[in-house]
Amino acid sequence: MAIFDWLSPKTRQTPNQQSIQQRLKRDPYYRLQSTEEIAVAAKLGLTIDVNQAGVDDWLRLPGISIHQARTLFELTSSGVQFCCLEDLAAALGWSVQRLTPLQPILRFCYYDPESLVTPELVNPNTASLEQLTKIPAVDLFLARAILQNRFDGGPYRNLADLQRRLELNPQLTSELMYYLIF
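Basis of the calculations
Residues numbered from 1 in each chain as written. Predicted model: local features only at pLDDT ≥ 70, side-chain atom pairs only at ≥ 80, totals over all residues. Heavy atoms only, no water. Helix = DSSP H or I, 4+ residues; strand = E, 2+ residues; numbered from the N terminus. Buried < 20%, exposed > 50% of the residue type's maximum accessible area, 1.4 Å probe, protein only. 1 Å grid on protein atoms, 1.4 Å probe; cavity = no way out; pocket = protein on both sides within 12 Å on 5 of 7 lines; lining within 4 Å. Points joined across faces, edges and corners; volume = space filled by probe spheres on them. Nonpolar A, V, L, I, M, F, W, Y, C, P; charged D, E, K, R; others polar. Phe/Tyr/Trp six-rings, centres within 6.5 Å; stacked < 30°, edge-to-face > 60°. Lys NZ or Arg CZ within 6 Å of the ring centre and 35° of its normal. Contact = heavy atoms within 4.5 Å. Arc of directions from axis to C-beta. pLDDT = per-residue confidence, 0-100. Salt bridge = Lys/Arg side-chain N within 4 Å of Asp/Glu carboxyl O.

Caption draft 1: The arrangement of the overall build of the protein in detail. Of the regular secondary structure elements, the protein holds 10 helices and two strands. Along the chain direction, N to C, the helices and strands of the protein fall in the order α-α-β-α-α-α-α-β-α-α-α-α. For the protein, with 182 residues in total, the buried portion stands at 34%.

Caption draft 2: Looking closely at the layout of surface pockets. Put simply, the second largest pocket is a space of about 210 Å³. What lines the second largest pocket is a set of 12 residues, among which Glu120, Val122, Gln131, Lys134 and Ile135 lie closest to the centre. Classifying every residue of the lining of the second largest pocket by side-chain character gives seven nonpolar, three polar and two charged.

Caption draft 3: Structural detail: the packing of aromatic side chains. Across all of its chains, the model carries zero aromatic pairs by this definition. Of note, Arg98 hangs over the ring of Trp94, and the distance from its end group to the ring centre comes to 3.8 Å.

Caption draft 4: Molecular detail of the environment of Ala145. Take Ala145: it is sitting in helix H8 (residues 140-153). As a C-alpha pair, Ala145 and Leu166 span 21 residues in sequence and 7.4 Å in three-dimensional space. Not counting residues up to four positions away in its chain, the partners in contact with Ala145 are Tyr156 and Leu166.

Caption draft 5: Just helix H9 (residues 159-166), in detail. Residues of H9 that are buried include every one of Asp161, Leu162, Arg165 and Leu166, and no others. Each buried residue of H9 lies within a common arc of 110° when the element is viewed along its axis, so the set occupies one face. Here the buried face of H9 lies against H8 and helix H10 (170-176). Positive phi appears at Glu167, one or two residues downstream of H9, with a value of about 55°.

Caption draft 6: Local environment of the side chain of Thr76. As for its position among the elements, Thr76 is in helix H4 (residues 66-77). For Thr76, a relative accessible area of 12% corresponds to the buried category. Those residues in contact with Thr76 that lie beyond four places of it in its chain are Val50, Asn51, Ala53 and Phe82.

Caption draft 7: Quick look at the environment of Glu120. Within the secondary structure layout, Glu120 lies in the loop between strand S2 (106-107) and helix H7 (129-133). It is 8.6 Å that separates the C-alpha atoms of Glu120 and Ile135, two residues lying 15 residues apart in sequence.

Caption draft 8: Just the environment of Val96, in detail. Here Val96 lies in helix H6 (residues 96-99). Sequence-wise, Val96 and Cys84 are 12 residues apart; in three dimensions their C-alpha atoms are separated by 10.0 Å. In contact with Val96, other than residues within four places in its own chain, are Leu85, Glu86 and Ala89.

Caption draft 9: The confidence of the model for the protein, seen in detail. Here the protein averages 87 in pLDDT, and 90% of its residues register 70 or above. Ranking the helices and strands of the protein by mean pLDDT puts H8 first, with 96, and helix H1 (residues 15-26) last, with 81. Every residue in residues 1-9 scores below 50 in pLDDT, and together they form four contacts with partners more than four places removed in sequence or on other chains.

Caption draft 10: Region of the structure containing unusual backbone geometry. Positive phi is not limited to glycine here, since Glu167 has a value of about 55°. Within the secondary structure, Glu167 is located in the loop between H9 and H10. A relative accessible area of 72% means that Glu167 is categorised as exposed.

Caption draft 11: Fine view of the pattern of salt bridges. All chains considered together, the criterion is met by five salt bridges. Its salt-bridge partner being Arg23, residue Glu37 comes within 3.1 Å of it at the nearest N-O pair. Remark: Arg23 occurs in helix H1 and Glu37 occurs in helix H2 (residues 35-43); sequence separation between them is 14 residues. Looking at Glu37, the relative accessible area reads 5%, which means it is buried. Arg23 gets classed as partly exposed once you look at its relative accessible area, which sits at 23%. For the salt bridge of Arg157 with Asp161, the shortest nitrogen-to-oxygen distance reads 3.8 Å. Among the residues examined, Asp161 registers a relative accessible area of 3% and is labelled buried.

If you want it as C-alpha cells, here you go:
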C-alpha cells in the first residue's frame, strides 16, 4: 500500500462505513439493515448462495421475515433452484425492484442434481433404513442407531443434536454434514 493511498477516494470510508465493517467482522450472522450495509458487506466479500442458503443466511437480509426465510429454505431443500432475481421475487411474492438492492451479495449458482459432486440430501427425521445406508459414511449399524434414537428421543433438531445423541466422533460428523438436512 502506498503512503498516500488513504487519501484515495476509493479507499476512504466514512465513520459509519467503518462501524458497519466492524459489526460485520465481529458478528458473522449480523442482520443487515440498509443498502449501505449491503454495499459494505459486498466489499468485504460477503455473498449468499441462494440455492445453498440456510434460514440464518436468509435472515441476514433486510426485510426477510422468519416465515419467508423458512419458505425459501424449504424450497431449495426440496430441489427448487433459483436462477435469477426474478425467480426469487416470484417465490416471495415481491417485485424485482424490492429485491434489487440485495443483488450485490446474492449469488445464483446452479447445482446439477445428477452430478456426482452434489450429494443427495437425506433428512434423518424422515429417512428409511435404506435411505440412510445409501449415505457413504453410514453403515447398517449406524443407520439402525439413527432410527432407534429417533424413535426413542424424537426428531433431531440439527446436526449437533444428532452428534450429541448418537455420541458420534467429530470425523464422522464432518463426513455426514454433507449428506444430511434437517
